[in-house]
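# Summary of the model geometry
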Amino acid sequence: ERLADLPTGVYLGYARVRGAVHKAVANVGFSPTFGDDASPEKVVETFVMHEFESDFYGEPMKLLLLGFQRSEKKFDSFDALVAAINSDVQTARSELDG
């Protein structure tokens, strides 16, 4: 499995969705903030930096991870998680634009 050796944490890169490539931030890990709902297996959750006209759930997506931003961590609240995601997106946007 490709995820087995990949350290948990937040990565920046690019996602290809519907034939177009967009900047992206991806969390590789177990979603620890959600306690009992944490994933029992390692998963990838991706934030694509693009406004889509409709959801693309169930559609294919290719992901290219280019850099590691930070380790995965458990947040004390949903608001703290959202603030961290927003910060991760800004950092990734700056790095990918640079």
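Right above here is the structure, for reference.
Here is a short report on the structure shown in this document. (Residues numbered from 1 in each chain as written. Predicted model: local features only at pLDDT ≥ 70, side-chain atom pairs only at ≥ 80, totals over all residues. Heavy atoms only, no water.)

## Notes on the environment of Gly-67
Along the chain, Gly-67 turns up in strand β4 (residues 61-70). Along the backbone, Gly-67 and Thr-8 are 59 residues apart, and their C-alpha atoms lie at a distance of 13 Å. The residues contacting Gly-67, other than those within four sequence positions of it, are Val-10, Tyr-11 and Leu-12. (Helix = DSSP H or I, 4+ residues; strand = E, 2+ residues; numbered from the N terminus. Contact = heavy atoms within 4.5 Å.)

## Observations regarding the pattern of salt bridges
Tallying each qualifying case throughout the model produces three salt bridges. A salt bridge links Glu-59 to Arg-18; the shortest N-O distance between them is 2.9 Å. Taken as a pair, Glu-59 in the loop between β3 (43-48) and β4 and Arg-18 in the loop between β1 (9-17) and β2 (20-29) lie far apart in primary sequence, 41 residues in all. Among the residues examined, Glu-59 registers a relative accessible area of 34% and is labelled partly exposed. According to the relative accessible area criterion, Arg-18 is partly exposed, its value standing at 40%. Where Asp-97 meets Lys-23, a salt bridge forms, and the shortest distance between an N and an O atom there is 2.4 Å. Here Lys-23 lies in strand β2 and Asp-97 lies in helix α1 (residues 78-97), a separation of 74 residues in the sequence. (Salt bridge = Lys/Arg side-chain N within 4 Å of Asp/Glu carboxyl O. Buried < 20%, exposed > 50% of the residue type's maximum accessible area, 1.4 Å probe, protein only.)

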